[in-house]
Amino acid sequence: MDGREDEHASLADRFEAHRGHLRGVAYRMLGSLAEADDAVQETWLRLSRSDAGDIENLTGWLRTVVSRICLDLLRSAAARHEEPAGEHLPEPGAAVAGPEEEVLLADSVGRALLVVLDRLGPAERVAFVLHDLFAVPFDQIAPVVERTPLTTKKLASRARHKVRGTSPLDAPTLSAHRHVVETFLAAARGGDLEALLMVLAPDVVRTADLSALPAGRAAVIRGARAVADETVLLRRNARFAEPALVDGAVGLVVAPHGRLLLALVVRVEGDRVAAYEVVADPARLRALDLAVLGGVPDRAEGGHAGV
């Protein structure tokens, strides 16, 4: 192996040491594992064509490059008015499947967070991810989003406000409602009929867009037993559900691979679910005000965590 091959191999090793961090950044920006891996690969290609000896801070250089690639992809998708993948339903009632790795990644990052990030503008998303999730200073983010540090700070602040959302409910009520919804979700995931009957009000009403249901299912069903029976029957997608703030109240988002498929608008009375509506129509989903329940999540550990 000659000197140039040695240098290339050394550079490849240094890049591999950063791959997990770059993948984590790109996944949060793009919400797609395949696109994130493509962005990371493009970053390697740009590094391999550059004069690496002139790069003083390789970590910063790589993060800047992958962020710019992601920003270009987000802007291109926005210009084409693309809807996030997964927003169109599969065959009604069918189980949602997909690469197990991406399912696990969405679980680890947070499905509600990925859903809300999808609703941010490209520059907002990049600024928020870099600063709030990876602790990158604004003066380093500013060149990526082509703004001043002050404007970049405002971008991240605006994004943070959208991610957090607002609720008319006070904190104790919000916490109590969250407990009820989480109890309902746990029972649904486990197919636990008795637990469902305990958390559903006797006169609970379930309404749903027909596109969310198998053929022949009614748009409205009433009574705890009927709703519990159906919940057990159609529980397969509960694995991909997570509590979120839906129009200011505690509800659920169903987001395989982090892309919004369904939302449940839940009404809690006392310690039980009094009613819920399954929203599946893309236009109705877009009209919902969605936010992460509990505020902005913790930053990735050390700013260098993998996905």
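Residues numbered from 1 in each chain as written. Predicted model: local features only at pLDDT ≥ 70, side-chain atom pairs only at ≥ 80, totals over all residues. Heavy atoms only, no water.

**A closer look at the environment of Asp209**
Defined as follows: A run of DSSP states H or I qualifies as a helix once it reaches four residues; a run of E qualifies as a strand once it reaches two. Both are numbered from the N-terminal end. Any residue under 20% of the maximum accessible area for its type is buried, any over 50% is exposed, and the rest in between are partly exposed; the area is computed with a 1.4 Å probe on protein chains only. The contact criterion used throughout is that any non-hydrogen atoms of two residues lie within 4.5 Å. In protein, a polar contact requires one atom able to donate a hydrogen and another able to accept it; more generally it is a pair of N or O atoms within 3.5 Å, and residues adjacent in sequence count only if both atoms are side-chain atoms.
Looking at the element boundaries, Asp209 is found in the loop between β1 (200–208) and β2 (220–222). Residue classification places Asp209 among the buried positions, given a relative accessible area of 14%. When the C-alpha atoms of Asp209 and Val279 are compared, they prove to be 5.8 Å apart, with 70 residues separating the residues in sequence. Discounting chain neighbours no more than four positions away, the residues touching Asp209 are Val278, Val279, Ala280, Asp281 and Arg284. Within the structure, Asp209 has its side chain in polar contact with the side chain of Arg284 (distance 2.7 Å).

**Section: the pairing of strand β4 (residues 249–254)**
In regular strands, side chains alternate between the two faces of the sheet. Just so we agree on the cut-off: Any two strands are treated as partners once DSSP identifies two or more bridges connecting them.
Counting buried positions over the six residues of β4 gives five, a clear majority of the element. Of the pairings in the sheet, the one linking strand β3 (residues 241–246) to β4 comprises six bridges and is antiparallel in character. Paired with Leu245 across the strands is Val250, a residue of β4. The loop that links β3 with its antiparallel partner β4 comprises two residues; one of these, Asp247, has a positive phi angle of about 50°.

**Here's the deal with the packing of helix α7 (residues 138–145) against helix α8 (residues 149–164)**
Stated formally: Whenever a helix is involved, its axis is fitted only over the stretch in contact; in every case the axis is a line through C-alpha atoms, and angles between N-to-C directions fall within 0 to 180 degrees. Each angle gets one of four labels, with under 35 degrees taken as roughly parallel, over 145 as roughly antiparallel, 65 to 115 as roughly perpendicular, and the rest as oblique. Gly falls in the polar group here, along with every residue not listed as nonpolar (Ala, Val, Leu, Ile, Met, Phe, Trp, Tyr, Cys, Pro) or charged (Asp, Glu, Lys, Arg).
At their nearest, the axes of α7 and α8 sit 8 Å apart, and the two run at 90° to each other. Judged by the inter-axis angle, α7 sits roughly perpendicular to α8. Counting all contacts with α7, which are made through Phe138, Asp139, Ile141, Ala142 and Val145, the residues of α8 involved are Pro149, Thr152, Lys153, Leu155 and Ala156. Among the residues making up the contact of α7 with α8, the classes are represented as seven nonpolar, one polar and two charged.

**Points about the pattern of salt bridges**
Note the following rule: One speaks of a salt bridge when a side-chain nitrogen belonging to Lys or Arg is within 4 Å of a carboxyl oxygen belonging to Asp or Glu.
Counted under the stated rule, the structure contains 17 salt bridges. With its nearest N and O atoms 2.8 Å apart, the salt bridge here joins Arg111 to Asp107. Put simply, Arg160 and Asp132 hold a salt bridge, and the shortest N to O gap is 2.6 Å. Here Arg160 is found in helix α8, whereas its partner Asp132 is found in helix α6 (residues 122–133), with 28 residues between them in sequence. In this structure, Arg160 and Asp132 share a single accessibility class: buried. Shared partners join several salt bridges into a network, and the residues in it are Glu42, Arg46 and Arg49.

**Things to note about the packing of aromatic side chains**
We count it as follows: Between the rings of Phe, Tyr and Trp (Trp by its six-membered ring), a pair exists once the centres lie within 6.5 Å; its type follows the angle of the planes, with under 30 degrees stacked, over 60 edge-to-face, and the other angles tilted.
In total, this model carries two aromatic pairs according to the counting rule given. Ring plane angle 45° and centroid distance 5.3 Å describe the contact between Phe15 and Trp44, whose orientation is recorded as tilted. With a gap of 29 residues between them, Phe15 in helix α1 (residues 3–30) and Trp44 in helix α2 (residues 33–48) connect regions that are remote in the sequence. By relative accessible area, which is 1% here, Phe15 ends up buried. Its relative accessible area of 13% is what places Trp44 among the buried residues. When the centroid spacing of 5.4 Å and the interplanar angle of 50° are considered together, the rings of Phe184 and Tyr276 count as tilted. Taken as a pair, Phe184 in helix α9 (residues 171–190) and Tyr276 in strand β6 (residues 272–279) lie far apart in primary sequence, 92 residues in all.

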